[in-house]
Amino acid sequence: ERANLISKFQLGFEFADADTYHPETNKQLMRQGIPLNDDNRLSWLLTLHNLLLKWHEENKNGVLACSALKQKYRHLLNSGLCYPMSNEEATTPTAA
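Rules behind the numbers
Residues numbered from 1 in each chain as written. Predicted model: local features only at pLDDT ≥ 70, side-chain atom pairs only at ≥ 80, totals over all residues. Heavy atoms only, no water. Helix = DSSP H or I, 4+ residues; strand = E, 2+ residues; numbered from the N terminus. Buried < 20%, exposed > 50% of the residue type's maximum accessible area, 1.4 Å probe, protein only. Contact = heavy atoms within 4.5 Å. Areas by Shrake-Rupley, 256 points an atom, 1.4 Å probe, with all protein chains shown as cover. Core = buried A, V, L, I, M, F, W, Y, C linked by side-chain atoms within 4.5 Å. Salt bridge = Lys/Arg side-chain N within 4 Å of Asp/Glu carboxyl O.

With that settled, the discussion passes to the overall build of the chain. Counting secondary structure elements, the chain contains five helices and two strands. For the chain, with 96 residues in total, the buried portion stands at 18%. Counting contacts in the chain only where the partners sit at least 6 residues apart, residues at least 24 apart contribute 59% of the total. A total of about 7,300 Å² of accessible surface is found on the chain, and carbon and sulfur atoms cover 54% of it.

Here Leu51 is to be found in helix H3 (residues 38-57). Spatially, the C-alpha atoms of Leu51 and Leu77 are 9.3 Å apart, while their sequence positions differ by 26 residues.

The next thing to look at is the nonpolar core. Of all hydrophobic cores here, the largest spans twelve residues; its members are Ala16, Ala18, Trp44, Leu45, Leu48, Leu51, Leu52, Trp55, Ala68, Tyr73, Leu77 and Leu81. Only H3 and helix H4 (71-78) provide two or more residues apiece to this core. The biggest single contributor to this core is H3, with six residues.

Turning next to the pattern of salt bridges. On inspection of all chains with the given rule, the structure shows five salt bridges. The salt bridge partner of Lys72 is Asp38, with a shortest N-O separation of 2.6 Å. Placement of the pair is Lys72 in helix H4 and Asp38 in helix H3, with a sequence separation of 34 residues. We note a salt bridge from Lys60 to Glu58, for which the minimum N-O separation is 3.1 Å. For Lys60, a relative accessible area of 37% gives the class partly exposed.

Shown next, in the form of structure tokens:
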């Protein structure tokens with residue numbers, strides 16, 4: 001909650017805690033101590049992707065607090081989103 005207030009009012013960014021977007025079935029599994037699998041997470045990740053896409057289309061800055069531990073999760077979250085890069089970013093090699 002504190003991060004939400006800081007993000008929204010001091011930085012002017014939207015803020016979302018990814019855990020609040022889990023469907024009820026996922027919340028029930030987590031309450032029972034049952035780990036979520038990729039199939040459980042898919043609808044949740046798509047919901048988060050749509051949120052990011054909405055922010056992008058509305059030209060809003062935002063912070064999504066989300067573990068997204070697997071690379072394929074992060075890829076899904078960012079798919080279809082384009083971010084402008086400065087000339088420096090485009091020409092600076094990155095570590096592999």
